[in-house]
Amino acid sequence: MDRGATEGTLLIELGGRTVEYRFARRRRRTLGMTVDAHGLRVAAPLRAPWREIEGFLRDKERWILRKLDEWSRMPRGARLLGESGELVPVFGVSQVLEVRHGRRHVEARDGRIVVTVGKRSRPADALLGWLKHQALDAFRPRVAHYAAQLGVAVPRVSLSNARTQWGVCTEDGAIRLCWRLVHLPASLTDYVIAHEVAHLVEMNHSRRFWALLTRLYPEWRAARGELELAAATLPILRIRS
């Protein structure tokens, strides 16, 4: 990556190991980093010099390597191929996938997700479409609920395919949520939704923002920790490119 760029993937030597990390410059005052199932991510102020960024990472070397090792030992989510017998979590409850042939249709009943497709169609594609439909149907009312608590207009809600970002509130007041949240319990999706709705008022992570989030979702600290752990075990559904 060109170090003049605002974001991309970089490498750094820490403790005799080569560590890859995702880097981004943001409108923020301090350096920040996270380590989760997707690895190390670093966010820096727009004008932060590289020596300061690299010094920050070296100061946190032991913590970074320890967290990377912890995440490497976490169980990984199963890869879903769209075959009968696979387990698909929907809002925290595992459902058994059952694939049939016939006119395209997907429905949940008696602890199963029954996917009916033509012989030349991919069951995974039909399953993905159904999961996204379930996600939007569930998320839109929750966005409206939290927006009402803040007295703001209900924003436009759409889904994203992001792998490393659960949600985003855009500058024009729209909210995009990762469709994979559909796999998680409602308590965790509510945390993400409340977080993004709070950004409708505060487009930052200032004290005012955290106060708003606490008002909307008082248990956000515990939910954030649970979400980080749950992310590592989410199934991976192959999406046709």
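Here the structure is a predicted model, which means the values were calculated and not measured.

A. Region of the structure containing the overall build of the protein. Along the protein, the regular secondary structure elements total six helices and 13 strands. In terms of overall dimensions, the protein has C-alpha extents of about 60 × 50 × 30 Å along its principal axes. Out of the 241 residues belonging to the protein, those deemed buried represent 43%. Look at the contacts in the protein between residues 6 or more apart in sequence, and 45% of them connect residues 24 or more apart. On the protein, the mean spot of the 41 positive side-chain charges and the mean spot of the 26 negative ones are 3 Å from each other.

B. A look at the packing of aromatic side chains. Summed over all chains, the structure comprises four aromatic pairs. Taken together, a centroid distance of 4.6 Å and an interplanar angle of 25° make the contact between Trp-210 and Trp-220 stacked. Of this pair, Trp-210 sits in helix α5 (residues 207–216) while Trp-220 sits in helix α6 (residues 220–231), placing them 10 residues apart in sequence. Judged by its relative accessible area of 23%, Trp-210 is partly exposed. Overall, Trp-220 belongs to the buried group, its relative accessible area being 4%. Among the aromatic residues, those joined into a cluster by ring pairs are Phe-209, Trp-210 and Trp-220.

C. Local environment of the sheet that holds strand β2 (residues 17–26). In space, the four strands of this open sheet follow the order β1-β2-β4-β3, with mixed pairing throughout. Whereas interior strands pair on both sides, the edge strands pair on one side only; in this sheet they are β1 (7–14) and β3 (32–36). In this sheet, adjacent strand axes meet at a mean angle of 30° when their direction is disregarded. When β3 meets strand β4 (residues 39–45), the two strands line up antiparallel, connected through five bridges. Paired with Asp-36 across the two strands is Gly-39, which belongs to β4.

D. Inspection of the state of the cysteines at higher detail. For the coordinates displayed, the defined rule picks out zero disulfides. Note on Cys-169: no disulfide assigned, nearest cysteine sulfur contributed by Cys-178 at a separation of 16 Å. For Cys-169, a relative accessible area of 8% translates into the label buried.

E. Structural context of the nonpolar core. Judged by nonpolar contacts, the single largest core of 47 residues is most densely connected at Ile-113, Leu-127, Leu-131, Leu-177 and Val-197. Elements that contribute at least two residues to this core include exactly β6 (87–90), β9 (112–117), α3 (123–150), β12 (175–178), α4 (186–198), α5 and α6. For this core, the element with the most residues is α3, which contributes 13 residues. Apart from the residues within four sequence positions on either side, Leu-127 is in contact with Val-88, Leu-97, Ile-113, Val-115 and Leu-237.

F. The pairing of strand β7 (residues 93–101), seen in detail. Here four bridges tie β6 to β7, and the two strands are oriented antiparallel to one another. Paired with Val-90 across the two strands is Val-93, which belongs to β7. Between β6 and β7, which pair antiparallel one after the other, the connecting turn spans two residues, and Phe-91 there sits at a positive phi close to 50°. Relative to β9, β7 runs parallel, the two sharing six bridges. Across the sheet, residue Val-96 finds its bridge partner in β9, namely Arg-112.

G. α3, seen in detail. Between the first and last C-alpha of α3 there are 41 Å, a value that for 28 residues agrees with the 40 Å anticipated at 1.5 Å per step. Once α3 finishes, Gly-151 follows within two positions and takes phi at roughly 70°, a positive value.

H. Focus on the environment of Asn-204. Relative to the helices and strands, Asn-204 is located in the loop between α4 and α5. Here the alpha-carbon distance between Asn-204 and Phe-139, two residues 65 residues apart in the chain, equals 22 Å. Excluding anything up to four places from it in sequence, Asn-204 contacts His-199 and Phe-209.

I. Geometry of the environment of Ala-230. Looking at the secondary structure, you find Ala-230 in helix α6. Here Ala-230 falls in the buried class, since its relative accessible area comes to 15%. As for Ala-230 and His-101, which are separated by 129 residues in sequence, their C-alpha atoms are 33 Å apart. Those residues within four positions of Ala-230 in sequence are excluded, and the remaining contacts are Leu-184 and Leu-188.

Reading guide: rules and limits
- Per chain, residue numbering runs from 1 following the sequence as it is written.
- Two thresholds apply to this predicted model, a pLDDT of at least 70 for residue-level local features and 80 or more for giving and counting side-chain atom pairs, whereas whole-chain, interface and lining totals are computed over all residues.
- To get the side-chain values, take all heavy atoms of the structure and skip hydrogens and water.
- Numbered from the N terminus, helices here are DSSP runs of H or I no shorter than four residues, and strands are runs of E no shorter than two.
- Residue burial is assigned from relative accessible area. The probe radius is 1.4 Å, only protein chains are included, and a residue is buried under 20% of its type maximum, exposed over 50%, and partly exposed in between.
- Whether two residues touch is decided by their heavy atoms; if any such pair falls within 4.5 Å, the residues are in contact.
- Positive residues here are Lys and Arg, negative ones are Asp and Glu, while His and the chain termini are left out of the count.
- Every charge is mapped onto a representative atom, which is NZ of Lys, CZ of Arg, CG of Asp or CD of Glu.
- Classification of ring pairs rests on two measures: the distance between centres of Phe, Tyr or Trp rings, Trp counted by its six-membered ring, which must be within 6.5 Å, and the angle between planes, read as stacked under 30 degrees, edge-to-face over 60 and tilted in between.
- Whether two strands pair comes down to DSSP finding at least two bridges between them.
- Under this scheme, a helix contributes an axis fitted over its contacting stretch, all axes are lines through C-alpha atoms, and angles between N-to-C directions fall in the 0 to 180 degree range.
- To count as a disulfide, a pair of cysteine sulfur atoms needs to be within 2.5 Å.
- Throughout, nonpolar core names a set of buried Ala, Val, Leu, Ile, Met, Phe, Trp, Tyr and Cys residues whose side chains join them through atoms within 4.5 Å.
- To estimate how far a helix should reach, multiply one less than its number of residues by 1.5 Å.

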